[in-house]
Amino acid sequence: MSTLDATADELRSLLLGCIRDVPDHPKPGVTFKDITPLLADPRAFGAMTDALALLCARHGADKVVGLEARGFILAAPVAVKAQIGFVPVRKVGKLPGATLAQAYDLEYGSAEIEVLKDAFAPGERVLVIDDVLATGGTAEASLQLIRRGGAEVAGLAVLMELGFLGGRARLEPSLAGAPLEALVTV
C-alpha cells in the first residue's frame, strides 16, 4: 500500500468515525447520516476541508458551488482554504436579484434550485461540493446551472456517497467526463 493510500484510508476512517447513523429519520425505515459530530470535531472537519481544498487544486477550480444547505457548511471553508470564490446554490426565492433556475425530479415530486445570474465568468472552472450524494438530482441540476451560467464543470466532490442509491450512474452523462470524488462511500 502506498503512503497516499494509507493517508486516504486514515482520512476515511477519521471521517466515518464522526458520522452518526440516526435510525428512522426523517421517516421510519430511513437511516439518516448525521455529519454534525464531524463538524464539531476540529481534527475531522479540518482534515475534510483540507482534502476537499486539494481536490479544488487538482481539478483547477476557480470557484466552488455549495448546495443548500449543508453544502454551504462544507464549501465555504474549502473556498477560503483553496483561495477561490464561493457561490451558493439555493432553493428558489432565496437569492436577491436576477437568477437562473433549474427544476429537477425527486423520488416523490420535484424541486427547483437557483444561482445568481452573474455568479460565474465565462470559462471559469467550478467544483460542486455537497455533503451527501444520494440519488443525484440536486447535483445534476447544479451542473446544468453552472453550464447555463457560462462556466465549465471542474467536477463534483462530496463528503459521502450513498452508493446503493445510484447517484453516480445518474450523474455520469451530466458530468460529461468531469470527475466525481467522494471522500467516503457507504
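Everything below is about the structure printed above this text.
Residues numbered from 1 in each chain as written. Predicted model: local features only at pLDDT ≥ 70, side-chain atom pairs only at ≥ 80, totals over all residues. Heavy atoms only, no water.

Student: Help me out: how do you make sense of the packing of helix α3 (residues 42–58) against helix α4 (residues 70–82) in this one?
Tutor: In a pair of packed helices, the angle between the axes and the distance between the axes together describe the arrangement. At their nearest, the axes of α3 and α4 sit 8 Å apart, and the two run at 65 degrees to each other. Once α3 is placed against α4, the crossing between them reads as right-handed. Residues F45, M48, T49, D50, L52, A53 and C56 of α3 form the contact with α4, whose own contacting residues are I73, L74, P77, V78, K81 and A82. Each residue belonging to the contact of α3 with α4 can be placed in one class, and the counts come to 10 nonpolar, one polar and two charged. (Axes fitted to C-alpha atoms, helices over the stretch in contact; angles between N-to-C directions. Helix = DSSP H or I, 4+ residues; strand = E, 2+ residues; numbered from the N terminus. Left-handed = near helix turned anticlockwise from the far one by under 90°. Contact = heavy atoms within 4.5 Å. Nonpolar A, V, L, I, M, F, W, Y, C, P; charged D, E, K, R; others polar.)

Student: For this particular structure, what's the right way to read the environment of F72?
Tutor: Tracing the sequence through the fold places F72 in helix α4. Between the C-alpha atom of F72 and that of G97, which follows or precedes it by 25 residues, the distance is 20 Å. Ignoring sequence-local partners within four residues, the contact set of F72 consists of G66, L67, P77, F86, P88, V89 and R90.

Student: Explanation requested: the pattern of salt bridges in the structure shown.
Tutor: Here the structure, examined in full by the defined rule, presents 11 salt bridges. One salt bridge in this structure joins R12 and D9, with 2.3 Å as the shortest N-O distance. Here R12 and its partner D9 are both found in helix α1 (residues 3–16), three residues apart, which amounts to about one turn of the helix. Classification of D9 by relative accessible area gives partly exposed; the value is 32%. In this structure, R20 and D34 form a salt bridge, with 2.4 Å as the shortest nitrogen-oxygen distance. (Salt bridge = Lys/Arg side-chain N within 4 Å of Asp/Glu carboxyl O. Buried < 20%, exposed > 50% of the residue type's maximum accessible area, 1.4 Å probe, protein only.)

Student: What should I look at first to understand the environment of A178 in this one?
Tutor: For A178, the position within the fold is in the loop between α6 (167–175) and β9 (180–185). Placed 97 residues apart in sequence, A178 and K81 show a C-alpha to C-alpha distance of 22 Å. With residues near it in sequence (within four places) discarded, A178 still touches V153, A154 and G155.

Student: I tried to follow the packing of helix α5 (residues 137–148) against α6 on my own but got confused; where do I start?
Tutor: At a closest axis distance of 9 Å, the pairing of α5 and α6 adopts a crossing angle of 5 degrees. Of the possible angle classes, the one that applies to α5 and α6 is roughly parallel. Facing G137, A139, E140, L143 and R147 of α5, the residues of α6 in contact are R170, L171, S174 and L175. (Parallel < 35°, antiparallel > 145°, perpendicular 65-115°, else oblique.)

Student: Honestly, the sheet that holds β9 in this entry has me stumped. Any pointers?
Tutor: Within a sheet, each strand pairs with its neighbour through backbone hydrogen bonds, oriented either parallel or antiparallel. Read across the sheet, seven strands follow the order β5-β6-β4-β3-β7-β8-β9 without closing on themselves; strand pairing throughout is mixed. Taken across any chain shown, the strands that pair with only one partner, and hence form the sheet edges, are β5 (99–106) and β9. Taken pair by pair, the neighbouring strands of this sheet meet at an average axis angle of 25 degrees, ignoring direction. Note: strand β4 (residues 85–91) against strand β6 (residues 109–116), two bridges, orientation antiparallel. Following the sheet pairing, K91 is matched in β6 by I113. Along the sheet, α4 makes contact with β3 (63–67), β4, β7 (125–133) and β8 (152–161), crossing β7 at roughly 135 degrees. Contacts from α5 reach β3, β4, β5, β6, β7 and β8 within the one sheet, and its direction differs from that of β5 by about 155 degrees. (Pairing = 2+ DSSP bridges.)

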